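# Geometric and topological summary
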Amino acid sequence: MSGRTPVSTPEAPTPTGPFSQAVRAAGLVFTAGQAGRNRETGVMGDLAEQTDWALRNLDAILRAGGSSLRDAVKLTIFLREGTDPAPLNRVYQEHLPEPRPARSLVLVSRLKGPDMLVEIEAIGVVTGDPEP
C-alpha cells in the first residue's frame, strides 16, 4: 500500500486530464489547481468571481479529503500577468480566516483558456473523516 488515497467529489469540476482532484497522504490533502469556473454554469467571470469559485471548489475538494480551507496550511496562486491582484486579495481574505495559510503568488503569461485569470492549489491538514 502506498499510503496515498485519491480524493474526488462531484461538488467540484471534474479533472480535464489524467490527474486526481486531490490526493490524501501523510495527514495532508494536496489538491490539483482549481480554475475559477462557475461549476453550475461553466462561466468564467471577472477576477473576483474566478477567485471566489476557485476557493469554493478547493474547499469542496479539501472537505472530501477530511480537511477544509480553514485547515489549509499552504496555497499557491497562479495569476495571469498584468492582472491587478486587488480583487483576488479581497476575496481571499473573505474565504480564509486568521491565521491565514502560507501563500505563494506566481505571475504567469498564460493559463488554460483565454478567459482564465487565476488558478489556485492548496495543501490542507486532515482534521476529520472524508466527506462522502
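A short tour of the structure in this document, coming up. (Residues numbered from 1 in each chain as written. Predicted model: local features only at pLDDT ≥ 70, side-chain atom pairs only at ≥ 80, totals over all residues. Heavy atoms only, no water.)

## What about the pairing of strand β3 (residues 28-31)?
Along β3, the buried face is formed by Val29 and Thr31; none of Leu28 and Phe30, which line the opposite face, is buried. With three bridges connecting them, β3 and strand β7 (residues 118-125) associate as antiparallel partners. Each residue of the ladder has a partner; that of Leu28, found in β7, is Val125. (Buried < 20%, exposed > 50% of the residue type's maximum accessible area, 1.4 Å probe, protein only. Helix = DSSP H or I, 4+ residues; strand = E, 2+ residues; numbered from the N terminus. Pairing = 2+ DSSP bridges.)

## As for helix α1 (residues 47-64)
Given a rise of 1.5 Å per residue, 18 residues ought to cover 26 Å, and the 26 Å separating the end C-alpha atoms of α1 matches this to within 8%. Counting buried positions along α1 yields 14 of 18 residues, so the element is predominantly enclosed. Just past α1, the residue Gly66 takes up positive phi, approximately 90 degrees. (Expected span 1.5 Å × (residues − 1).)

## Re the layout of surface pockets
Size it by volume and the largest pocket reaches roughly 350 Å³. Around the largest pocket, the lining is made up of 13 residues, and of these Thr16, Gly33, Ala35, Lys112 and Met116 lie nearest the centre. Residues that form the lining of the largest pocket fall into these classes: five nonpolar, five polar and three charged. (1 Å grid on protein atoms, 1.4 Å probe; cavity = no way out; pocket = protein on both sides within 12 Å on 5 of 7 lines; lining within 4 Å. Points joined across faces, edges and corners; volume = space filled by probe spheres on them. Nonpolar A, V, L, I, M, F, W, Y, C, P; charged D, E, K, R; others polar.)

## Some details on the nonpolar core
In this structure, Leu55, Leu75, Val118 and Ile120 are the most contacted members of the largest nonpolar core, which totals 25 residues. Where this core is concerned, the elements lending two or more residues are α1, β5 (72-80), α2 (86-95) and β7. Among the elements that line this core, the one with the most residues is α1, at eight residues. (Core = buried A, V, L, I, M, F, W, Y, C linked by side-chain atoms within 4.5 Å.)

## Considering the environment of Leu79
Inspection of the secondary structure assignment puts Leu79 in strand β5. Taking relative accessible area as the criterion, Leu79 reaches 0% and is therefore assigned buried. A sequence separation of 41 residues divides Leu79 from Ile120, and the C-alpha atoms of the two residues are 8.6 Å apart. When residues no more than four places from it in sequence are discounted, the contact partners of Leu79 are Leu47, Pro85, Leu88, Leu105, Val106, Leu107, Val108, Leu117 and Val118. (Contact = heavy atoms within 4.5 Å.)

## Some points on the pattern of salt bridges
In total, this model carries four salt bridges according to the counting rule given. Across the pair Glu94 and Arg90 runs a salt bridge whose closest N-O atoms are separated by 3.5 Å. Pair noted here: Glu94 and Arg90 are both in helix α2, with a separation of four residues, about one helical turn. Residue class for Glu94 comes out exposed when judged on its relative accessible area of 57%. (Salt bridge = Lys/Arg side-chain N within 4 Å of Asp/Glu carboxyl O.)

## Brief notes about the packing of aromatic side chains
As enumerated under the stated definition, the model contains zero aromatic pairs in all. Directly above the aromatic system of Trp53 lies the positively charged group of Arg56, at a separation of 3.9 Å from the ring centroid. Its end group placed over the ring of Tyr92, Arg103 keeps NZ or CZ at 4.6 Å from the ring centre. (Phe/Tyr/Trp six-rings, centres within 6.5 Å; stacked < 30°, edge-to-face > 60°. Lys NZ or Arg CZ within 6 Å of the ring centre and 35° of its normal.)

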